[in-house]
Amino acid sequence: MAEREAPIGGTSDVDGVTRAVIAASRVLVAVSARSLSEIEERVTLAQFRMLVVLSTRGTTKLVALADLLHVAPSTAMRMVDRLIAAGLADRQVNPDNKRETQLRLTEEGHRTVEDVTARRRQEITRIVERLAPGQRTVLVEALTAFSEAGGEPIAQPAEPGGAYPLGWPDLQAGPTT
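If you're wondering where the values come from, they're calculated on a predicted model, not measured in any experiment.

**Q** Looking at this structure, how should I read helix α5 (residues 107-128)?
**A** Helical geometry: 3.6 residues make up each α-helical turn, so side chains three or four residues apart lie on a common side. End to end, α5 covers 31 Å across 22 residues, agreeing with the expected 32 Å (1.5 Å per residue, within 8%). Within α5, burial applies to Gly109, Thr112, Val113, Val116, Thr117, Arg120 and Glu123. The buried residues of α5 occupy an angular sector of 125 degrees when the element is viewed end-on, so they sit on one face. Looking at the packing, one finds that the buried side of α5 touches α1 (14-35), α2 (45-57) and β3 (97-105).

**Q** Looking at this structure, I do not really get the environment of Met50. What am I missing?
**A** In this structure, Met50 sits in helix α2. As a C-alpha pair, Met50 and Leu69 span 19 residues in sequence and 7.2 Å in three-dimensional space. Among all residues touching Met50, those that are not within four sequence positions of it are Leu65, Leu69, Ala76, Met79, Val80 and Leu83.

**Q** Where do I start with the sheet that holds β3 in this structure?
**A** Strands pair in a sheet through their backbones, by hydrogen bonds, and they do so in one of two ways: parallel or antiparallel. What the three strands build is an open sheet, ordered β1-β3-β2; its pairing is antiparallel. Here the strands that pair on one side only, and so sit at the sheet edges, are β1 (60-61) and β2 (89-94). Bridge count between β1 and β3: two bridges; the pairing is antiparallel. Opposite Lys61, over in β3, you have Gln102 as the bridge partner. Docked against the sheet, α2 engages β1 and β3, running at close to 105 degrees with respect to β3. The strands touched by helix α4 (residues 73-85) within the sheet are β2 and β3, with β2 carrying the most contacts at an inclination of about 115 degrees.

**Q** Would you mind going over the packing of α2 against α4 with me for this structure?
**A** Two elements in contact, α2 and α4, have axes separated by 10 Å at closest approach and are oriented at 85 degrees. Judged by the inter-axis angle, α2 sits roughly perpendicular to α4. Two secondary-structure elements touch here, α2 through Ala46, Gln47, Met50 and Leu51 and α4 through Ala76, Met79, Val80, Arg82 and Leu83. Of the residues that constitute the contact of α2 with α4, the class distribution is seven nonpolar, one polar and one charged.

Rules and cut-offs
Sequence order as written defines residue numbering, which begins from 1 separately in each chain. Per-residue local features of the predicted model are confined to residues with pLDDT of at least 70, and side-chain atom pairs are confined, for both listing and counting, to 80 or more; whole-chain, interface and lining totals are unaffected and use all residues. For the side-chain quantities, the full set of heavy atoms in the structure was used; hydrogens and water were omitted. Counting from the N terminus, the helices are the DSSP runs of H or I reaching at least four residues and the strands are the DSSP runs of E reaching at least two. Expected helix span is taken as 1.5 Å per residue step, with the number of steps being one fewer than the number of residues. Buried residues are those whose accessible area, probed at 1.4 Å on protein chains only, stays under 20% of the maximum for their type, while exposed residues exceed 50% and partly exposed ones sit between those limits. Each C-beta atom gives one direction from the helix axis, and the arc is the one those directions make. For this analysis, residues touch if any pair of their heavy atoms sits within 4.5 Å. Here a strand pair is declared whenever DSSP counts at least two bridges between the two strands. Structural elements are reduced to axes, namely lines fitted to C-alpha atoms, with helices fitted over the stretch in contact, and the angle between N-to-C directions of any two is expressed from 0 to 180 degrees. Just so you know how the angles are binned, under 35 degrees is roughly parallel, over 145 roughly antiparallel, 65 to 115 roughly perpendicular, and the rest oblique. Gly is placed with the polar residues, together with every amino acid not listed as nonpolar (Ala, Val, Leu, Ile, Met, Phe, Trp, Tyr, Cys and Pro) or charged (Asp, Glu, Lys and Arg).

Below, the structure is given as structure tokens:
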């Protein structure tokens, strides 16, 4: 039995889904930009992503951080240098291997990630509240599948019924299945 082809522009059409995701990504980029507006003189979007990775991973080696961000180590080092100058991160020698440098967030770096994430969460909540309950369910399923297909970990509560403060899983605990 032959599979039926989806109508052009239908929701199962790859091009139609791609257009919808791009439109949704414009909304999310705008929300992200607005959430960073109070700190944009100190931190770029790329630097904020680095802060988030350090926040979820904890103390991290430069090479591992560069790999997680998909940038060259020299690019990661320049970003780290700017974050250190802004008082948001610091660098220390690995006590187990003096040739390695470890990077971590300062208290101000943690506060920055929490503040920006809280602003982002508030704005996304206002948007989601405009959806009907059935639309919310479908959106959760679709975005979960999209995130999994893109290799992004799915947020899990830190405790049953609770919410992880940044909306990301505790990656220090290792991968979850």
